[in-house]
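Examination of the molecular architecture
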Amino acid sequence: MLKIHGIPRSRAFRCIWAAEEAGLPYEVIPIGFQPGFKLERSVDINPNNKIPALEDGDLMLFESLAINLHIAKKAGAPLMPAGHDESRALQWTLWTATEAEPHVMRWSYNAYLKPEAERVASEAAAGKEALDARLAVLERELAARPFLLGGAFTVADLNLASVLYGSWLNGYDYASFPKVKAWLDACLTRPAALKARKQREG
Ligand SMILES: N[C@@H](CCC(=O)N[C@@H](CS)C(=O)NCC(=O)O)C(=O)O
């Protein structure tokens, strides 16, 4: 049984979605937030003291997207394809973490996450400008195929769509990126995504 430490209203959402896609049994060990996004208690199995963290038998893992790669690997294809496509899944996951997530978070904190009085409009705009540049890359890629690696949904789609999820749900303007919008709509309304979203949004 996978043990996902965290709560659905955190990056643990990504791992809950992955476990649902993989069809693997899991339990959520809840650790929530105090005001200011500080954790209500420490996460003993993560040296960074952050959520999510995964326990899979005697394996302890941190980093939500790495946890998802592990879960996908356990499930095998099509979630984690073999050969060159596995390398492409790693490529898109690193792209997600380095090229997309910092700008998503800069926009998100200043557009809807922080209390209104603490939001800085110029910070939200800078995040959006940087993210739009990456979405333009994604738009061109998705013009060639329905999912990042080809015709099937894989962990590459899961990791990127789960990082873009908050922006998609909270009014980010995707009008200039219709292929990205259609791909996000498809990823985030999959049955497994809906099950994870129900835990977070419900
Ligand atoms: N890169 C890490 C980020 C983890 C992270 O920042 N988690 C937040 C919750 S979504 C957290 O634990 N915040 C509490 C804190 O930083 O004290 C991942 O993707 O797992």
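See the structure above.
Described in the following lines is the structure provided in the data block.

Calculation notes
Residues numbered from 1 in each chain as written. Predicted model: local features only at pLDDT ≥ 70, side-chain atom pairs only at ≥ 80, totals over all residues. Heavy atoms only, no water. Helix = DSSP H or I, 4+ residues; strand = E, 2+ residues; numbered from the N terminus. Rg over C-alpha atoms; globule rule 2.2 N^0.38 Å. Buried < 20%, exposed > 50% of the residue type's maximum accessible area, 1.4 Å probe, protein only. Contact = heavy atoms within 4.5 Å. Areas by Shrake-Rupley, 256 points an atom, 1.4 Å probe, with all protein chains shown as cover. Lys, Arg positive; Asp, Glu negative; His and termini not counted. Charge placed at Lys NZ, Arg CZ, Asp CG, Glu CD. Near = heavy atom within 4 Å. Polar contact = N/O pair within 3.5 Å; in protein donor to acceptor, adjacent residues only side chain to side chain. 1 Å grid on protein atoms, 1.4 Å probe; cavity = no way out; pocket = protein on both sides within 12 Å on 5 of 7 lines; lining within 4 Å. Sits in = over half its atoms within 2 Å of the grid points. Nonpolar A, V, L, I, M, F, W, Y, C, P; charged D, E, K, R; others polar. Pairing = 2+ DSSP bridges. Axes fitted to C-alpha atoms, helices over the stretch in contact; angles between N-to-C directions. Salt bridge = Lys/Arg side-chain N within 4 Å of Asp/Glu carboxyl O.

Along its length, the protein chain carries seven helices and six strands. Counting from the amino terminus, the protein chain carries its helices and strands in the arrangement β-α-β-β-β-β-β-α-α-α-α-α-α. Taken over C-alpha atoms, the radius of gyration comes to 16 Å for the protein chain, in line with the 17 Å a tight globule of 202 residues would show. Considered along the principal axes of its C-alpha atoms, the protein chain spans approximately 45 × 45 × 30 Å. The burial tally for the protein chain puts 47% of its 202 residues in the buried class. Pairs at least 24 apart in sequence give 61% of the contacts found in the protein chain among residues at least 6 apart. In the structure as shown, the protein chain presents an accessible area of about 9,800 Å², 54% of it carried by carbon and sulfur atoms. Both charge centroids of the protein chain, one from 24 positive and one from 24 negative side chains, sit 2 Å from each other.

With that settled, the discussion passes to the site of the ligand. In the region of the ligand, the neighbouring residues are S10, R11, R14, F33, F37, K38, L39, K50, I51, P52, E63 and S64. One of the side-chain N or O atoms of R11 is found 3.3 Å from an oxygen atom in the ligand. At 2.8 Å, a side-chain N or O of K50 approaches an oxygen atom of the ligand. Isolated, the ligand exposes 510 Å² of accessible area, and the fraction of that covered by the protein chains is 81%. Counting atoms within 2 Å of the grid points, the majority share of the ligand lands in the largest pocket. A per-class count over the shell around the ligand returns five nonpolar, two polar and five charged.

Following the sequence through the fold, I16 ends up in helix α1 (residues 12-22). Residues I16 and N68 lie 52 residues apart in sequence; the distance between their C-alpha atoms is 9.0 Å. Filtering out sequence-adjacent residues up to four positions away, I16 remains in contact with I4, P8, Y26, V28, A196 and Q199.

Strand order across the open sheet formed by four strands is β2-β1-β5-β6, with mixed pairing between neighbours. At either end of the open sheet lies a strand with only one pairing partner, and these are β2 (26-29) and β6 (59-62). Adjacent strand axes in the sheet meet at a mean angle of 20 degrees when their direction is disregarded. Here strand β1 (residues 2-5) runs beside β2; their pairing, made up of four bridges, is parallel. Residue pairing for β2: L2 is matched across the bridge by Y26. Lying on the sheet, helix α2 (residues 64-75) is in contact with β1, β5 (53-56) and β6; it crosses β6 at an angle near 135 degrees.

Our next topic: the pattern of salt bridges. Applying the stated criterion across every chain yields a total of 11 salt bridges. Put simply, R14 and E101 hold a salt bridge, and the shortest N to O gap is 2.7 Å. Of this pair, R14 sits in helix α1 while E101 sits in helix α3 (residues 84-113); the two residues are 87 residues apart in sequence, bridging distant segments of the chain. Grouping residues by exposure puts R14 and E101 together as buried. Each of the salt bridges in this network shares a partner with another, and the network as a whole consists of R11, R14 and E101.

Take unusual backbone geometry next. The omega torsion of the bond from I51 to P52 falls at 0 degrees, within 30 degrees of zero and hence cis. Its location among the elements puts P52 in the loop between β4 (38-39) and β5. With an omega dihedral of 5 degrees, the bond running from A77 to P78 counts as a cis peptide bond. By the element assignment, P78 lies in the loop between α2 and α3. Phi is positive for F37, which is not a glycine, with a value near 60 degrees. Note on placement: F37 falls in the loop between β3 (33-34) and β4. Here N49, not a glycine, exhibits a phi torsion of approximately 55 degrees, which is positive. Relative to the helices and strands, N49 is located in the loop between β4 and β5.

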